[in-house]
Amino acid sequence: TLLRDPLGFKAAIDSLAAPFAGAGIDVVVGIESRGFILGGAVADRLGAGFCPIRKPGKLPAQTLRESFNLEYGTDAIEIHVDAVTAGQRVLVVDDVLATGGTAKAAASLVKQLGGTLHGLAFLIELDFLQGREKLAGEQVTSVLHY
């Protein structure tokens, strides 16, 4: 897999981080679960902090929750209430942009905490699902498009 290939993994992280180099990103937010792996490495490349967004009930301290619609129901994600402070420049990272519901919820959480959402970065974007449309007005970058 990509994660086991040192050169491929490095290239993937470099590609995710490059559009945001020099942008003054303070915090990278990674969405459960591959977003933790990618986001942590991107944060390191950018000299930023890292915080996770997880499914409900998984984080140990006080959280803020955002629900979103799925094709057949609803889901939710949470972030620690102190993960982002007012004015911090934030980059959201995940492995795949599909329908955009999770990414839109993550963006909302960042903004509710007072963070400035600088962008969202994805390793893969499934263009045919049109998830980018849910993120209209946001800077969205994807390394690979299918």
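That block above? That's the structure.
Residues numbered from 1 in each chain as written. Predicted model: local features only at pLDDT ≥ 70, side-chain atom pairs only at ≥ 80, totals over all residues. Heavy atoms only, no water.

A. Highlighting the overall build of the chain. From N to C terminus, the chain includes three helices and seven strands. Scanning the chain from its N terminus toward the C terminus, one meets helices and strands in the order α-β-α-β-β-β-β-α-β-β. At 14 Å, the chain has a C-alpha radius of gyration in line with the 15 Å of a compact globule built from 146 residues. For the chain, the spread of C-alpha atoms along the three principal axes comes to 35 × 35 × 30 Å. Residues counted as buried form 42% of the 146 residues belonging to the chain. Partitioning the contacts of the chain with sequence separation of at least 6, the portion at a separation of at least 24 is 59%. (Helix = DSSP H or I, 4+ residues; strand = E, 2+ residues; numbered from the N terminus. Rg over C-alpha atoms; globule rule 2.2 N^0.38 Å. Buried < 20%, exposed > 50% of the residue type's maximum accessible area, 1.4 Å probe, protein only. Contact = heavy atoms within 4.5 Å.)

B. Structural view of helix α2 (residues 34-46). Between its first and last C-alpha, α2 extends 18 Å over 13 residues, near the 18 Å set by a 1.5 Å rise per residue. If you check which residues of α2 are buried, you get Gly35, Leu38, Gly39, Ala41, Val42, Ala43 and Leu46. Downstream of α2 by a residue or two, Gly47 has a phi angle that is positive, lying close to 70°. (Expected span 1.5 Å × (residues − 1).)

C. Expanded view of the packing of helix α1 (residues 6-17) against α2. Where α1 contacts α2, the two axes come as close as 9 Å, and the packing angle between them is 65°. With respect to their mutual orientation, α1 and α2 come out roughly perpendicular. For the crossing formed where α1 meets α2, the hand is right-handed. Taking contact as the criterion, the partners of Phe9, Lys10, Ile13, Asp14, Leu16 and Ala17 in α1 are, on α2, Ile37, Leu38, Ala41, Val42, Arg45 and Leu46. In terms of residue class, the contact of α1 with α2 is built from nine nonpolar, no polar and three charged. (Axes fitted to C-alpha atoms, helices over the stretch in contact; angles between N-to-C directions. Parallel < 35°, antiparallel > 145°, perpendicular 65-115°, else oblique. Left-handed = near helix turned anticlockwise from the far one by under 90°. Nonpolar A, V, L, I, M, F, W, Y, C, P; charged D, E, K, R; others polar.)

D. Up close: a nonpolar patch on the surface. Where nonpolar side chains cluster on the molecular surface, the patch consists of Val143, Leu144 and Tyr146 and spans about 270 Å² of accessible area. Tracing the backbone shows Tyr146 in the segment after β7 (140-145). Exposure remark for Tyr146: the relative accessible area of 55% places this residue in the exposed category. (Patch = residues over 30% accessible without salt bridge, like charges linked within 9 Å, V, L, I, M, F, W, Y side chains within 5 Å. Areas by Shrake-Rupley, 256 points an atom, 1.4 Å probe, with all protein chains shown as cover. Salt bridge = Lys/Arg side-chain N within 4 Å of Asp/Glu carboxyl O.)

E. Quick peek at the pattern of salt bridges. Under the defined criterion, the tally for this structure stands at seven salt bridges. Where Arg45 meets Asp14, a salt bridge forms, and the shortest distance between an N and an O atom there is 2.7 Å. Highlighted residues: Arg45 in helix α2 and Asp14 in helix α1, separated in sequence by 31 residues. Residue classification places Asp14 among the partly exposed residues on the basis of a relative accessible area of 29%. As a salt-bridge pair, Arg34 and Asp95 come within 2.9 Å of each other at their nearest N and O atoms. Taken together, the residues span a long stretch of sequence, with Arg34 in helix α2 and Asp95 in strand β5 (residues 89-97) at a distance of 61 residues. Linked by salt bridges that have partners in common, Lys10, Asp14 and Arg45 make up one network.

F. Inspection of unusual backbone geometry at higher detail. A cis amide bond links Glu32 with the next residue in sequence, Ser33, at an omega value of -10°. A positive phi angle, near 60°, is found at Gln130, a position not held by glycine. Topologically, Gln130 is positioned in the loop between β6 (116-125) and β7. A relative accessible area of 46% means that Gln130 is categorised as partly exposed.

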